[in-house]
Amino acid sequence: MSLTVELFDLPAHQFRVFWGASGSMWQSLWDRFLDITGDNPLALWTIGSYVYTSLIYWSIGLVYTLFDVTGRPGFLRRYKVQPGTNEPVDPARLRAVIRQVLFNQFCTGMPLLFLMYYLLPVQTRDAVRELPTFVTVVWQLAVCILIEEVMFYYSHRLLHDGRIYRYIHKRHHEWTAPIAITAMYAHPIENVLSNLLPIAVGVWTTGCHISVAWLWFTIAISNTLHVHSGYHLPFLPSPEQHDFHHLKFNQCYGVLGVLDWFHGTNEMFLRSKQSKRDYILTSLEPVRDTHPDQ
């Protein structure tokens, strides 16, 4: 074997060794988790998914809510997307949001989890013990992300149709300056059509392992909480596009922005000051300091 081939093969070999060890570690942790919870597929896919997604939603959402209710720590106000809004958040409106979100999670989320379970291939839903490979996780997540972009964009635009907007989607747009937990503050029909199905269809399409489904739920839920938060914080997803959507209503319907670019539904946004702030902040300097209004 030539020296050149050996030099190129060495990093690949080391990566295979590293991934093999890492994979064994994750498999061991997963086995321990299942030893505690049990490996009943129905319980894991339904009750387990409900508890897990609720914990993700409320653990992140309540941190942001504490910021909004207390106004502390004070330096976070420098990261507000719309300064002066929800400082502090109105208690009555906040209670209405909490009630609606809890209703949506239980009355629409739980039935959809059961439906998701029974629509999955039997071999997929029952095989909960063995974790998938790294490559499998990557391509399945990529498919889920693309499906969500397509389904969310078009269902979201449909809900903005003037003939139905007032009956369904108007509730979500009561917040022109959203807070994190308004991510699921929506009419139950909207919650199914535009919030839950775009995420669930990716799981059905890929037939992914439950661990991949939970990872996908984590990514999707945390992202929607961040972009609804009203804060453009360092190292977190930029909320500028979706916040602009709440402000202007007819711009930035998508998640990634690809279909907004394709259909030209971000032209006003691209001409705005907010578009210059639309990036992941990698320093502690607030984007409004870097790109002020004036």
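- The protein chain has the name Fatty acid hydroxylase domain-containing protein in an unreviewed UniProt entry, where Anopheles minimus is given as its organism.
- Check the Subcellular location (unreviewed entry) section of the UniProt entry for the protein chain; it says "Membrane".

1. A short note on the overall build of the protein chain
Then comes step 1: Across its full length, the protein chain carries 12 helices and zero strands.
Then comes step 2: Radius of gyration (C-alpha) of the protein chain: 21 Å, near the 19 Å computed for a compact globule of 294 residues.
Then comes step 3: Considered along the principal axes of its C-alpha atoms, the protein chain spans approximately 65 × 50 × 40 Å.
Then comes step 4: Excluding contacts between residues fewer than 6 apart, the proportion of contacts in the protein chain whose partners are at least 24 apart in sequence is 73%.
Then comes step 5: When the accessible surface of the protein chain is summed, it comes to about 15,300 Å², and 66% of that surface belongs to carbon and sulfur atoms.
Then comes step 6: Computing the positive centroid from 22 side-chain charges and the negative centroid from 23, the protein chain places the two 10 Å apart.

2. Some remarks on the layout of surface pockets
Then comes step 1: Considering only enclosed or pocket space, the largest pocket measures out at about 990 Å³ in volume.
Then comes step 2: Lining the largest pocket are 44 residues, with E148, I199, A220, I221 and T224 sitting closest to its centre.
Then comes step 3: Looking at the lining of the largest pocket, the elements with two or more residues in it are α2 (41-70), α3 (91-119), α5 (134-159), α6 (188-206), α7 (210-228) and α8 (240-248).
Then comes step 4: Ranked by residues supplied to the lining of the largest pocket, first place goes to α7 with nine residues.
Then comes step 5: When grouped by side-chain class, the residues that make up the lining of the largest pocket number 25 nonpolar, 16 polar and three charged.
Then comes step 6: Its boundaries defined by the atoms lining it, the second largest pocket holds a volume of some 670 Å³.
Then comes step 7: Lining the second largest pocket are 21 residues, and of these W26, L131, P132, V137 and S211 lie nearest its centre.
Then comes step 8: Those elements giving two or more residues to the lining of the second largest pocket turn out to be α1 (3-37), α5 and α7.
Then comes step 9: For the lining of the second largest pocket, the leading source of residues is α1, giving eight residues.
Then comes step 10: In the lining of the second largest pocket, the residues fall into 15 nonpolar, six polar and no charged.
Then comes step 11: Counting contributing residues per domain, the lining of the second largest pocket is built from domain 1 (1-37) and domain 2 (41-290), each supplying no fewer than three.

3. Some points on the packing of aromatic side chains
Then comes step 1: Taken as a whole, this structure holds 13 aromatic pairs when the rule is applied.
Then comes step 2: Taking the centre distance of 5.2 Å and the plane angle of 15° together, the rings of Y52 and W214 count as stacked. With Y52 in helix α2 and W214 in helix α7, the pair connects residues that are 162 residues apart, well separated along the chain.
Then comes step 3: Given the relative accessible area of 9%, W214 is considered buried.
Then comes step 4: Centre to centre, the rings of Y117 and Y118 are 5.0 Å apart; their planes meet at 80°, and the pair counts as edge-to-face.
Then comes step 5: Members of the aromatic cluster, joined through ring pairs, are W30, F33, Y52 and W214.

4. Some words on the side chain of N195
Then comes step 1: Along the chain, N195 falls in helix α6.
Then comes step 2: On the accessibility criterion, N195 (16% relative accessible area) is buried.
Then comes step 3: A polar contact of 3.0 Å, which involves the side chain of N195, links it to the side chain of N191.
Then comes step 4: Those residues within four positions of N195 in sequence are excluded, and the remaining contacts are F152, A183, M184, A186 and E190.

5. Observations regarding the packing of α5 against α7
Then comes step 1: Relative to each other, α5 and α7 sit at 45°, their axes nearing to 10 Å. Judged by the angle between their axes, α5 and α7 are oblique. α7 is crossed by α5, and the crossing has right-handed handedness. Between α5 and α7, the residues in contact are V137, Q140, L141, C144, I145 and E148 and V212, L215, W216, I219 and A220, respectively.

What counts, and at which threshold
- In this convention, every chain numbers its residues from 1, walking through the sequence in written order.
- The predicted nature of this model means local features are confined to residues of pLDDT at least 70 and side-chain atom pairs, given and counted, to a pLDDT of 80 or more, with totals for whole chains, interfaces and linings taken over all residues.
- Based on all heavy atoms of the structure, the side-chain values leave hydrogens and waters out of the count.
- UniProt positions are given in the numbering used here, feature names are shortened, and annotations may be inferred rather than shown by experiment.
- Secondary structure elements are taken from DSSP: a helix is a run of H or I of four residues or more, a strand is a run of E of two residues or more, and numbering for both begins at the N terminus.
- C-alpha atoms define the radius of gyration in this analysis, and the globule rule sets the expected value at 2.2 Å times the number of residues to the power 0.38.
- Throughout, a residue-residue contact means that at least one pair of heavy atoms, one from each residue, lies within 4.5 Å.
- Computed with the Shrake-Rupley method and a 1.4 Å probe, the accessible areas treat only the protein chains shown as cover for residues.
- We treat Lys and Arg as the positive residues and Asp and Glu as the negative residues; His and chain ends play no part in the count.
- One atom stands in for each charge, and that atom is NZ of Lys, CZ of Arg, CG of Asp or CD of Glu.
- In the cavity and pocket records, a cavity denotes points on a 1 Å grid over the protein atoms alone where a 1.4 Å probe fits but cannot get out, a pocket denotes an open set with protein on both sides within 12 Å along at least 5 of 7 lines, and lining residues are residues with an atom within 4 Å of a point.
- Grid points are joined across faces, edges and corners, and a volume is the space filled by probe spheres set on the points.
- Residues were grouped as follows: Ala, Val, Leu, Ile, Met, Phe, Trp, Tyr, Cys and Pro as nonpolar; Asp, Glu, Lys and Arg as charged; and all remaining residues, including Gly, as polar.
- Where each domain begins and ends follows an automated or database-derived domain assignment.
- The pairing test for Phe, Tyr and Trp rings, Trp by its six-membered ring, is centres within 6.5 Å, and the orientation test on the planes gives stacked under 30 degrees, edge-to-face over 60, and tilted for anything in between.
- Residue burial is assigned from relative accessible area. The probe radius is 1.4 Å, only protein chains are included, and a residue is buried under 20% of its type maximum, exposed over 50%, and partly exposed in between.
- Any N or O atom pair separated by 3.5 Å or less is treated as a polar contact, with the protein-specific requirement of one donor-capable and one acceptor-capable atom, and with residues adjacent in sequence counted only for side-chain atom pairs.
- Here an angle of 0 to 180 degrees is reported between the N-to-C directions of two axes, which are lines fitted to C-alpha atoms, with helices fitted over the stretch in contact.
- By definition in this entry, angles of less than 35 degrees are roughly parallel, angles greater than 145 are roughly antiparallel, angles of 65 to 115 are roughly perpendicular, and the rest are oblique.
- Left-handed describes a crossing whose near helix is turned anticlockwise from the far helix by less than a right angle; the clockwise case is right-handed.

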